[in-house]
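In case you want the letters, here they are:
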Amino acid sequence: MPELATSEYEIVLYYNPNRASAEKTLAYAIGEGLPVRDVDILKNIFTGTQLEELAERLSVPLEGLVNKDHPDFPSQFNDANLSDNDWIKLLRKSPEYIKEPIAVRGHKSIFVETPSDLSRL
């Protein structure tokens, strides 16, 4: 049973409010009149099951949810061979390392590279 609440009628935008790209994406969605529900990943911590589902929806391994380019990401994890449970623990403890923004609408999910990517949903 899915853990992530989704809808065909709105875009769920998972984002870190401290990142400019996320702010621009949210502003774009609002400016374009897109139905959007914003979810601050620093305040709304994912469960392990939600992280697994999100990775599956994005067709990436759990490690694929990790933003290894984050300036504070510990370098010792870059080439680490961690288990899925280890990645889940890391992302739950430090959600700022989640690669985002992520947009979900119904059964479609994408990493948002530029705000206009939202039109793909």
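Coordinates for the structure precede this section.
What comes next concerns the included structure. (Residues numbered from 1 in each chain as written. Predicted model: local features only at pLDDT ≥ 70, side-chain atom pairs only at ≥ 80, totals over all residues. Heavy atoms only, no water.)

## Some remarks on the pattern of salt bridges
Tallying each qualifying case throughout the model produces five salt bridges. For arginine 37, the salt bridge is made with glutamate 10, and the minimal N-O distance between the two is 2.9 Å. Linking arginine 37 in strand β2 (residues 36-40) with glutamate 10 in the segment before β1 (11-15), this pair joins segments that are 27 residues apart in sequence. Residue glutamate 10 is classed as partly exposed on the basis of its relative accessible area of 23%. Note that glutamate 53 is salt-bridged to arginine 57, the shortest N-O span being 3.3 Å. (Salt bridge = Lys/Arg side-chain N within 4 Å of Asp/Glu carboxyl O. Helix = DSSP H or I, 4+ residues; strand = E, 2+ residues; numbered from the N terminus. Buried < 20%, exposed > 50% of the residue type's maximum accessible area, 1.4 Å probe, protein only.)

## Some details on the pairing of strand β4 (residues 108-111)
Examined bridge by bridge, strand β3 (residues 102-105) and β4 share four bridges and lie antiparallel to one another. Note on β4: the bridge partner recorded for isoleucine 102 is phenylalanine 111. In this structure, the hairpin formed by β3 and β4 is closed by a connection of two residues, where glycine 106 is found at a positive phi of approximately 60°. (Pairing = 2+ DSSP bridges.)

## Points about the sheet that holds β3
Spatial strand order, β2-β1-β3-β4: four strands in an open sheet with mixed pairing. The open sheet has two edge strands with one neighbour each: β2 and β4. Across this sheet, the average inter-strand angle for adjacent strands is 20°, counted without regard to direction. Of the strand pairs in this sheet, β1 and β2 are connected by five bridges, and their pairing is parallel. Bridge pairing in β2 links tyrosine 14 to valine 39. The strands touched by helix α2 (residues 48-58) within the sheet are β3 and β4, with β4 carrying the most contacts at an inclination of about 90°. (Axes fitted to C-alpha atoms, helices over the stretch in contact; angles between N-to-C directions. Contact = heavy atoms within 4.5 Å.)

## A word on the environment of glutamate 3
Summarising the element assignment, glutamate 3 is placed in the segment before β1. Relative accessible area serves as the criterion here: at 40%, glutamate 3 is assigned to the partly exposed category. Here the alpha-carbon distance between glutamate 3 and glutamate 53, two residues 50 residues apart in the chain, equals 7.4 Å. In contact with glutamate 3, not counting residues within four places along its chain, are Thr47, Thr49, Gln50 and Glu53.

## So, the packing of α2 against helix α3 (residues 84-93)
Where α2 contacts α3, the axes come no closer than 10 Å and their chain directions differ by 110°. Between α2 and α3, the interaxial angle falls into the category roughly perpendicular. Residues Gly48, Leu51 and Glu52 of α2 lie in contact with α3, whose contacting residues are Ile88, Leu91 and Arg92. Here the contact of α2 with α3 is composed, by residue class, of three nonpolar, one polar and two charged. (Parallel < 35°, antiparallel > 145°, perpendicular 65-115°, else oblique. Nonpolar A, V, L, I, M, F, W, Y, C, P; charged D, E, K, R; others polar.)

## Considering unusual backbone geometry
Along the chain, glutamate 100 connects to proline 101 via a cis peptide bond; the corresponding omega equals 5°. Within the fold, proline 101 resides in the loop between α3 and β3. Positive phi is not limited to glycine here, since serine 59 has a value of about 60°.

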